[in-house]
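# Coordinate inspection notes
Here is how the chains run, residue by residue.
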Amino acid sequence: IKMGFAVTGLIEPDAAVRRETARPGDVLVLTKPLGMGMVSFAAQLGRASPEALDEAGGWMARLNKDAAELMIQHGAHACTDVTGFGLAGHLVEMVRRSGINAEVDFSRLPVLDSARECLRNEILSGAVERNQAYAMAWVEVADLSHEVNLPILYDPQTSGGLLIALPPEAAEKLVAELHQRGHGAAAVFGRVTAKEPDRPEGRIIVTNSALGPPP
């Protein structure tokens, strides 16, 4: 089933939270767990349990309304949603257009428990490879000790969360309020850094490839 629609209206440009306005010193928040694409692909192959589908479906059905409202209240500098291009693809666009770099700590990334099983069993769709082919030129992996986890960066999300850049103190309050409203996977997973003389802007540096506990 496919549905198409258009939304028209007016915005206040000065009040809009843009993708290309992240600042050095910001931290990065993700409001939903990653792995929806892997679980959906496993379902197509008949290799996803009912529990895995319930887990992924529950997050897909959860709206980004709370996160969108709260990020404005806490002074978000930049934001984009995470959808078909995966976390890396959308983060690359944010850092390149903002003229900065970013660091990602895998141990702080929220990842579906069922997606971890997909990673272990190498259940990866072709979209993961296509997204990696696009984004990998800007991704530097400093730690390859858990290389099997890296595809989660490129997993296409269906109804994914928001990727938000904002000051550290505001990020802590944002995540705490999202948890209070039932968005328990929201987490700070990285930080924004200034352009370095020996590294062009638009780079994503993966400092740790080990996944932390599931959300």
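### Remarks on helix α5 (residues 113-120)
- Residues of α5 that are buried: Ser114, Ala115, Arg116, Cys118 and Leu119.
- Looking at the buried residues of α5, the elements they touch are α1 (36-44) and α2 (50-60).
- Just downstream of α5, Glu122 is the residue with a positive phi angle, here 55°.

### Details of a nonpolar patch on the surface
- A cluster of nonpolar side chains, contributed by Met3, Phe5 and Val7, occupies part of the molecular surface with about 440 Å² of accessible area.
- Here Met3 lies in the segment before β1 (27-30).
- Residue class for Met3 comes out exposed when judged on its relative accessible area of 70%.

### A closer look at unusual backbone geometry
- Backbone geometry at Glu122 places phi at a positive 55°, although glycine is not the residue there.
- Within the secondary structure, Glu122 sits in the loop between α5 and α6 (126-135).
- What makes Glu122 exposed here is its relative accessible area of 64%.

### Here's the deal with the packing of α1 against α2
- Relative to each other, α1 and α2 sit at 135°, their axes nearing to 10 Å. Between α1 and α2, the angle is such that the two are oblique. Note on packing geometry: the crossing formed by α1 with α2 is left-handed. Residue-level inspection shows Met36, Val39, Ser40 and Ala43 of α1 in contact with α2, the latter providing Ala52, Leu53, Ala56, Trp59 and Met60.
- Residue classes in the contact of α1 with α2 are distributed as 8 nonpolar, 1 polar and no charged.

### Digging into the packing of aromatic side chains
- For the coordinates displayed, the defined rule picks out 2 aromatic pairs.
- For the ring pair Phe85 and Tyr134, a centre distance of 6.3 Å and an interplane angle of 50° mean the geometry is tilted. Taken together, the residues span a long stretch of sequence, with Phe85 in the loop between β2 (78-81) and α4 (86-98) and Tyr134 in helix α6 at a distance of 49 residues.
- Tyr134 gets classed as partly exposed once you look at its relative accessible area, which sits at 34%.
- Against the face of Trp59 rests Arg62, its NZ or CZ located 4.5 Å from the ring centre.

### Digging into α1
- Taken together, the buried positions of α1 are occupied by Met36, Gly37, Met38, Val39 and Ala42.
- Its buried side turned inward, α1 meets α2 and α5.
- Positive phi appears at Gly46, one or two residues downstream of α1, with a value of about 75°.

### Here's the deal with the sheet that holds strand β3 (residues 101-105)
- Taken in spatial order, the 7 strands make up an open sheet running β2-β5-β1-β6-β3-β7-β4, and their pairing is mixed. Only two strands of the sheet have a single neighbouring strand rather than two, namely β2 and β4 (139-141). Each strand of the sheet is rotated relative to its neighbour by a mean of 25°, with strand direction disregarded.
- In terms of strand pairing, β2 meets strand β5 (residues 162-166) through 4 bridges, oriented antiparallel. The partner of Thr80 across the bridge, within β5, is Leu163.

### Remarks on the side chain of His74
- Tracing the backbone shows His74 in the loop between α3 (65-73) and β2.
- Accessibility expressed as a relative area gives 16% for His74, which makes it buried.
- What His74 contacts, discounting residues up to four positions off in sequence, is Leu166, Ala170, Lys173, Leu174 and Glu177.

### Some thoughts on the environment of Tyr134
- The spatial distance from the C-alpha of Tyr134 to the C-alpha of Gly89 is 7.4 Å, given a sequence separation of 45 residues.
- Residues contacting Tyr134, with those up to four places away along its chain left out, are Gly89, Val92, Glu93 and Arg96.

### Examining the nonpolar core
- Counting 46 residues, the largest nonpolar core has Leu28, Leu87 and Leu91 as the members making the most contacts within it.
- Ranked by residue count, the leading element in this core is α4, at 6 residues.
- Counting 17 residues, the second-largest nonpolar core is a separate cluster that includes Ala67, Leu70, Leu166 and Val188.

Cut-off values and rules
- Residues numbered from 1 in each chain as written.
- Predicted model: local features only at pLDDT ≥ 70, side-chain atom pairs only at ≥ 80, totals over all residues.
- Heavy atoms only, no water.
- Buried < 20%, exposed > 50% of the residue type's maximum accessible area, 1.4 Å probe, protein only.
- Helix = DSSP H or I, 4+ residues; strand = E, 2+ residues; numbered from the N terminus.
- Contact = heavy atoms within 4.5 Å.
- Patch = residues over 30% accessible without salt bridge, like charges linked within 9 Å, V, L, I, M, F, W, Y side chains within 5 Å.
- Areas by Shrake-Rupley, 256 points an atom, 1.4 Å probe, with all protein chains shown as cover.
- Salt bridge = Lys/Arg side-chain N within 4 Å of Asp/Glu carboxyl O.
- Axes fitted to C-alpha atoms, helices over the stretch in contact; angles between N-to-C directions.
- Parallel < 35°, antiparallel > 145°, perpendicular 65-115°, else oblique.
- Left-handed = near helix turned anticlockwise from the far one by under 90°.
- Nonpolar A, V, L, I, M, F, W, Y, C, P; charged D, E, K, R; others polar.
- Phe/Tyr/Trp six-rings, centres within 6.5 Å; stacked < 30°, edge-to-face > 60°.
- Lys NZ or Arg CZ within 6 Å of the ring centre and 35° of its normal.
- Pairing = 2+ DSSP bridges.
- Core = buried A, V, L, I, M, F, W, Y, C linked by side-chain atoms within 4.5 Å.

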